[in-house]
Amino acid sequence: MTRYSIKLDDRWSAATYDSGPGILLTDQREDACSWVTHEAAVVAAKQVSEFFKRPAWIHVAEEPNYPASWKIADAIL
């Protein structure tokens, strides 16, 4: 499944808030939030870019599309 994440310099967007101004950033890629559609990622990237007055970049990643019934806690490694 294709997912889209937002990167600003060396940090990733971990949250964007519609209810008020605010963006949460993280330096860990695995803590970044992601979007299912490119259009939603564009909206978020514009929000991040405008908030920090810097260019934000959309990164594309292919992630496994596991069934909802699968749970990481139940996996035997």
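Given the structure is predicted, the values throughout are model-derived calculations rather than measurements. (Residues numbered from 1 in each chain as written. Predicted model: local features only at pLDDT ≥ 70, side-chain atom pairs only at ≥ 80, totals over all residues. Heavy atoms only, no water.)

Caption draft 1: Broad picture of the side chain of S5. Topologically, S5 is positioned in strand β1 (residues 2-8). A polar contact of 3.2 Å, which involves the side chain of S5, links it to the side chain of R29. Setting aside residues no more than four positions away along its own chain, S5 makes contact with W12, R29, C33, S34, W35, W57, I58 and H59. (Helix = DSSP H or I, 4+ residues; strand = E, 2+ residues; numbered from the N terminus. Polar contact = N/O pair within 3.5 Å; in protein donor to acceptor, adjacent residues only side chain to side chain. Contact = heavy atoms within 4.5 Å.)

Caption draft 2: Spatial organisation of the packing of aromatic side chains. What the rule picks out here adds up to one aromatic pair. A centroid spacing of 4.9 Å and a plane angle of 75° characterise the contact between F51 and F52, whose relative ring orientation is edge-to-face. Given a relative accessible area of 29%, F52 falls into the partly exposed group. Taking the ring centre of W12 as reference, the NZ or CZ of R29 above it sits at 4.8 Å. (Phe/Tyr/Trp six-rings, centres within 6.5 Å; stacked < 30°, edge-to-face > 60°. Buried < 20%, exposed > 50% of the residue type's maximum accessible area, 1.4 Å probe, protein only. Lys NZ or Arg CZ within 6 Å of the ring centre and 35° of its normal.)

Caption draft 3: Focus on the environment of A56. Summarising the element assignment, A56 is placed in the loop between α1 (38-52) and β4 (57-62). Through-space distance from the C-alpha of A56 to that of W12 is 9.3 Å; in sequence the pair is 44 residues apart. Non-local contacts of A56, meaning those with residues more than four positions away in its chain, are made with I6, K7, L8, A45, V48 and S49.

Caption draft 4: Expanded view of the sheet that holds strand β2 (residues 11-16). Pairing in this open sheet of four strands is antiparallel, and the strands run β3-β2-β1-β4 from one edge to the other. Of all strands in the sheet, those bounded by a partner on one side alone are β3 (23-26) and β4. Each strand axis lies, on average, 45° off the axis of its neighbour in the sheet, ignoring direction. Along the sheet, α1 makes contact with β1, β2, β3 and β4, crossing β1 at roughly 10°. (Pairing = 2+ DSSP bridges. Axes fitted to C-alpha atoms, helices over the stretch in contact; angles between N-to-C directions.)

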